[in-house]
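Reading the structure
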Amino acid sequence: MKRINALQPKALLKVFAVLVPLLLNGYGVADVSAEKLPGVPRNEVTAAQAVETAHGAQAAPEEEKAGDVIMHHILNNRVYAFPPFGSVELPEIKVAGFDISITKHVVMLWVVSAILLVIFSIVGAKYKKMTPSQAPKGLVNAMEALVEFIRTDVAKANIGKEYEKYLTYLLTVFFFILLCNLLGLVPYGATATGNINVTLTLATFTFFLTQMAALKAHGIKGYLAHLTGGTHPALWIIMIPIEFIGLFTKPVALTIRLFANMTAGHIVILSLIFISFILKSYIVAVVMSVPFSIFIYLLELFVAFLQAFIFTMLSALFIGLASAHEGHDEHEAGVASH
Amino acid sequence: MLTSGVILLAGSLLSPEPGLIFWTAITFILVMLILKKIAWGPIITALQDREKGIQSSIDRAHQAKDESEAILRKNRELLSKADAESDRILREGKDYAEKLRADITEKAQSEAKKMIASAKDEIEQEKRRALDVLRNEVADLAVKGAEKIIKTALDADMQKKIVNSMIQDFSTKRN
């Protein structure tokens, strides 16, 4: 311990010795006066101007350019770039007039699927060999903790008796979204769940499962009766549209929640990084952009788990609510009385 | 501010992409089906087996506990019964011994009384016999004395003296 403590100040000094000239110099490599008086704003302005003119012809406003870069990073496109090594042009496919080209997010979906299949083929093979008295360990144990959490605390707690039928969907959707979210935080990765089309598709699955659960639990008659909200026929002209819209608000909420959370986090990280480029200052980068974006990155790591959990949790909750037998009003009454 | 404005105005964030929707659906459904086969099935079965195993071992433990408690209770009952039995036997033994002792004592006392009585009788008889013997002896002595008197001179004084001495002699002998 003592040795390490003794070494650290020296190492820090070295780091500062490298960093300080860089910080003080700023962009003033071409401008000698900037080196002499780094604190004077006029010099920095001239330095910035020098760089801007150096960039030459594309002298578009910096902020707009940053926005473009961020959007380019967030949005889907048909080029998978690996800067600075180059980029891969993805194939364009058109079937019967539909554009089903392979895009960056489709590639990410496939990467996620491949990782999931590899991990769970290993885990599944271990389970096939395992006897009930053996305890899992390592990767198998980690996966089991998540699977068991989804099984008992999400599916069983919200759906009730028939949870096993929906378990396949809930488990898959949880791990799929979780891995999509996490891969967005990896270099060269992209967040497929930050694309509204992906989240919309996943939410549509939940929607169909919810409606199927409702139909199964109440029958067609009960399902239609539920659309009237149990009110007097005179009110049906109002109630039916409201309940009909209500059917779709849940999946739309799921869609937008996941999409917005994933997109917003990335925009915040990129914006924080771009502040230093816009202000053209290493000081801003060291003091603000890097620490803050690291903080947001860690937050994103948490949000990746949280949003995957919330999507799964709400799916289970919607299915549970839809299949509850006459329990809707009783449950609310019970909650109110508590 | 301007950056966020640009992002919002770009509008492409919300633009529909049928191709991506198609690929998402296909990919997700395929992944779900494959994972169901290779992972969820075995994992869920294993988890349920383990749950059942744990439940059954808990049940078994409870059963064993109940059984052992029942055995303990039975043992206690047997022990208390045995205690009572031994108490009873002890008490009976004591009672019997007491009775036996009393009997023996009584018998011994009566025997002793009988013996004492017979001894008394015997003593009485012996005494009577001794008295008879004495009476005969006295009579013999008297006859002998008379013979002696008669053999010596029939002097009145002498006779008186002799009789007196004889009487004296008798009385001392008697005592």
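Conventions we followed
What you see as residue numbers is a count from 1 along each chain, following the sequence as written. Chain letters and ligand numbers both follow the written order, the letters beginning at A and the numbers at 1. Local features in this predicted model are restricted to residues whose pLDDT is 70 or higher, and side-chain atom pairs enter the listing and the counts only when it is 80 or higher, whereas totals over whole chains, interfaces and linings include all residues. Counting from the N terminus, the helices are the DSSP runs of H or I reaching at least four residues and the strands are the DSSP runs of E reaching at least two. The burial criterion counts other C-beta atoms lying within 10 Å of a residue's C-beta, which is placed from the backbone; the residue is buried at 20 or more, exposed at 12 or fewer, and partly exposed between these limits. Our contact criterion uses C-beta atoms placed from the backbone: two residues qualify when those atoms are within 7 Å. Axes here refer to lines fitted to C-alpha atoms; in helices the fit is confined to the stretch in contact. Angles between the N-to-C directions go from 0 to 180 degrees. Roughly parallel means an angle under 35 degrees; roughly antiparallel, over 145; roughly perpendicular, 65 to 115; everything else is oblique. In this scheme, a crossing is called left-handed if the near helix is turned counterclockwise away from the far one by less than a right angle; it is called right-handed if the turn is clockwise. Classification convention: Asp, Glu, Lys, Arg as charged; Ala, Val, Leu, Ile, Met, Phe, Trp, Tyr, Cys, Pro as nonpolar; all other residues, Gly among them, as polar. In short, DSSP must find at least two bridges between two strands for them to pair. The predictor attaches a confidence to each residue, called pLDDT, with possible values from 0 through 100. The span you would expect from a helix comes to 1.5 Å times its residue count less one. Two axes enter the definition of the bend at a residue: one is fitted to the seven residues ending there, the other to the seven starting there, and the bend is the angle between them. Put simply, a nonpolar core is buried Ala, Val, Leu, Ile, Met, Phe, Trp, Tyr and Cys residues tied into one set by C-beta atoms within 7 Å.

**Considering the overall build of chain B**
Along its length, chain B carries 3 helices and 0 strands. Secondary structure elements of chain B, listed N to C terminal, follow the sequence α-α-α.

**Things to note about the overall build of chain A**
Each helix and strand in chain A was counted, giving 11 helices and 4 strands. In chain A, which comprises 338 residues, the share counted as buried stands at 32%. Put simply, 62% of the contacts in chain A that link residues at least 6 apart link residues at least 24 apart.

**Quick look at the packing of helix α7 (residues 163-183) of chain A against helix α2 (residues 18-151) of chain B**
Where α7 of chain A contacts α2 of chain B, the two axes come as close as 9 Å, and the packing angle between them is 110°. Of the possible angle classes, the one that applies to α7 of chain A and α2 of chain B is roughly perpendicular. Once α7 of chain A is placed against α2 of chain B, the crossing between them reads as right-handed. The segment α7 of chain A lies against α2 of chain B, with Leu167, Thr168, Tyr169, Leu171, Thr172 and Phe176 of chain A engaging Phe28, Val31, Met32, Leu35, Lys36, Trp40 and Ile44 of chain B. Among the residues making up the contact of α7 of chain A with α2 of chain B, the classes are represented as 10 nonpolar, 2 polar and 1 charged.

**Concerning the interface of chain A and chain B**
Each side of the interface is counted separately: chain A has 49 residues, and chain B has 36 residues. When residues of the side of chain A that touches chain B are assigned to their parent elements, the largest contribution, 13 residues, is made by helix α5 (residues 104-129) of chain A. Residues of the side of chain A that touches chain B, tallied by class, amount to 26 nonpolar, 16 polar and 7 charged.

**Regarding the pairing of strand β2 (residues 86-89) of chain A**
Residue and element names in this part refer to chain A. With 4 bridges connecting them, strand β1 (residues 79-82) and β2 associate as antiparallel partners. Its bridge partner lying in β2, alanine 81 is registered against serine 87. From the end of β1 to the start of β2, which pair antiparallel, there are 3 residues.

**Structural notes on the environment of valine 31 of chain B**
Position of valine 31 of chain B among the secondary structure elements: in helix α2. Dropping the residues within four chain positions of it, valine 31 of chain B is found in contact with Ser113, Leu116, Leu117, Thr172 and Phe176 of chain A.

**Digging into the confidence of the model for chain B**
Detail in the predicted coordinates should be disregarded across regions flagged by low pLDDT. The share of residues in chain B with pLDDT of 70 or more is 90%, and the mean pLDDT across the chain is 87. For chain B, the element scoring lowest by mean pLDDT is helix α1 (residues 2-10) of chain B, at 55; α2 of chain B scores highest, at 92.

**Notes on α7 of chain A**
All names here are of chain A. Between its terminal C-alpha atoms α7 stretches 29 Å, which fits the 30 Å expected from 21 residues at 1.5 Å a residue. Where α7 bends most, at tyrosine 169, the angle is about 25°. Within α7, 17 of the 21 residues are buried, which leaves it mostly tucked inside the rest of the structure.

**With respect to the nonpolar core**
Within the largest apolar cluster, 63 residues are counted, with the highest numbers of intra-cluster contacts made by Val112, Ala155, Tyr166, Leu170, Phe174, Phe176 and Ile177 of chain A. Contributing elements (two or more residues each) for this core: α5, α6 (139-159), α7, α8 (196-227), α9 (236-279) and α10 (282-323) of chain A together with α2 of chain B. At 15 residues, α7 of chain A tops the list of elements feeding residues into this core. Excluding residues that lie within four positions of it along the chain, isoleucine 177 of chain A makes contacts with Thr193, Leu202, Leu258, Gln307, Ala308 and Phe311 of chain A.

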